[in-house]
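Coordinate analysis (summary)
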Amino acid sequence: MSAARYGPQTEHTYARAGFGGPVRRGDRPAIVVVDLTRGFTEDVFPSGADLTDVVGATGELIEAGRGSGVPVVFTAIAYTPAEATGDALPWLHKAQGMRALREGSAEVVVDPRLPRRPADHLIVKKGASAFFGTSLAALLTGLGCDTVLVCGATTSGCVRATAVDAVQSGFSVLVARECVGDRAAGPHEANLFDIQAKYGDVIGLADAVGYLAGLPGSAR
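To start, this report covers the structure provided alongside it. (Residues numbered from 1 in each chain as written. Predicted model: local features only at pLDDT ≥ 70, side-chain atom pairs only at ≥ 80, totals over all residues. Heavy atoms only, no water.)

The next subject is the sheet that holds strand β5 (residues 172-181). Within the open sheet, the 6 strands sit side by side as β3-β2-β1-β4-β5-β6. Their pairing is parallel. Unpaired on one side and paired on the other, β3 (121-125) and β6 (201-203) mark the two borders of the sheet. The average angle at which neighbouring strand axes cross in this sheet is 25 degrees, direction not considered. For strand β2 (residues 72-77) and β3, the ladder comprises 5 bridges, and the chain directions are parallel. Across the sheet, the residue bridging to V73 is H121, located in β3. Sheet strands in contact with helix α3 (residues 52-66) are β1 (29-34), β2, β4 (147-153) and β5, and its direction is about 135 degrees off that of β5. (Pairing = 2+ DSSP bridges. Helix = DSSP H or I, 4+ residues; strand = E, 2+ residues; numbered from the N terminus. Axes fitted to C-alpha atoms, helices over the stretch in contact; angles between N-to-C directions. Contact = heavy atoms within 4.5 Å.)

As a further point, take the pairing of β4. Regular strands show a simple pattern: their side chains alternate between the two faces of the sheet. Judged by how many residues are buried, β4 sits mostly within the fold: 7 of 7 residues are covered. Of the two faces of β4, the one carrying T147, L149, C151 and A153 and the one carrying V148, V150 and G152 are both buried. Pairing of β1 with β4 involves 6 bridges; the strand directions are parallel. Bridge pairing in β4 places V33 opposite C151. With 6 bridges joining them, β4 and β5 adopt parallel strand pairing. Its bridge partner being in β5, G152 is matched across the sheet by V180. (Buried < 20%, exposed > 50% of the residue type's maximum accessible area, 1.4 Å probe, protein only.)

This part takes up the packing of α3 against helix α9 (residues 205-213). As a packed pair, α3 and α9 sit with axes 8 Å apart at the nearest point and diverge in direction by 15 degrees. Judged by the angle between their axes, α3 and α9 are roughly parallel. For the pair α3 and α9, the crossing hand works out as right-handed. Along its contact with α3, which presents A57, E60, L61, A64 and G65, the element α9 presents L205, A208, V209 and L212. The residue inventory of the contact of α3 with α9, partitioned by class, reads 7 nonpolar, 1 polar and 1 charged. (Parallel < 35°, antiparallel > 145°, perpendicular 65-115°, else oblique. Left-handed = near helix turned anticlockwise from the far one by under 90°. Nonpolar A, V, L, I, M, F, W, Y, C, P; charged D, E, K, R; others polar.)

Take helix α8 (residues 185-198) next. The end-to-end C-alpha separation of α8 is 20 Å, in line with the 20 Å expected for 14 residues at 1.5 Å each. Looking only at α8, the buried set comprises H188, N191, L192, F193, D194, I195, Q196 and A197. (Expected span 1.5 Å × (residues − 1).)

Turning our attention to the nonpolar core. Grouped together as the largest cluster of nonpolar side chains are 61 residues, with contacts concentrated most on I31, V33, L61, L136, L140, V175 and L212. Ignoring sequence-local partners within four residues, the contact set of V175 consists of V150, V180, L192, I195, D201, V202 and I203. (Core = buried A, V, L, I, M, F, W, Y, C linked by side-chain atoms within 4.5 Å.)

It is worth spelling out the side chain of D146 at this point. Within the fold, D146 resides in the loop between α6 (136-142) and β4. Only 3.0 Å separates the side chain of D146 from the side chain of T147, close enough to count as a polar contact. (Polar contact = N/O pair within 3.5 Å; in protein donor to acceptor, adjacent residues only side chain to side chain.)

Another aspect to go through is the packing of aromatic side chains. By the definition in use, this model includes 3 aromatic pairs. Grouped by ring-pair contacts, the aromatic residues Y14, F19 and F193 constitute a single cluster. If you follow R25 out to its NZ or CZ, it ends over the ring of Y211, 5.7 Å from the centre. Cation over ring: R116 sits above F74, and NZ or CZ is 5.9 Å from the ring centre. (Phe/Tyr/Trp six-rings, centres within 6.5 Å; stacked < 30°, edge-to-face > 60°. Lys NZ or Arg CZ within 6 Å of the ring centre and 35° of its normal.)

Counting through the fold element by element, A49 comes out in the loop between α2 (38-41) and α3. Sequence separation between A49 and R183 is 134 residues, and the spatial gap between their C-alpha atoms is 5.7 Å. Residues contacting A49, with those up to four places away along its chain left out, are F40, T41, E42, D43, D182 and R183.

Right, let's get into the environment of G20. Here G20 shows up in the loop between α1 (8-17) and β1. For the pair G20 and G7, spaced 13 residues apart in the sequence, the C-alpha separation amounts to 16 Å. Excluding residues that lie within four positions of it along the chain, G20 makes contacts with Q196 and A197.

As structure tokens, this is what we get:
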């Protein structure tokens, strides 16, 4: 993705700063599916949007990784009744609609259109990043992973926060453009630009599928 859409001055500034170099693609990736739960993928819920295309593309990416034994980690935001109604979590004062993401509710169920299997991992989180306050970094290290393919929602929130913490935790970051979504185009594009400039490579779904198919030991 080019910085040109934000004007030549932005392009010059980022090039001068040395941003946008390609990341190293490892041989042991994991697919991390961030918050593709019904509360985010269905527009019938206040916190959601119609992310049908994102769910479909993410399902394709997951299936592409199965032949190489690529681990899949799903995440979900879910709050206890005390957390959802209380004052302990400052984020819920800013994002009031997130209070509906209660344990046991329809909103926190992983979208049933995704090809989830019993062997896939699930991380329950309370904040934006899939890493903050969770065991995700330890899980990925235990699985021997060196690269994280980030999918999910929303691009401007939990996806970006996860990408930042992934690279800070020592993992190369790839984001498949078709596999992430947001409630509005502006924040979506701006955060893809930021991820590409500083934290990971934003790539096409075809590129991501080809990367997985080319891994050592791939059955494809």
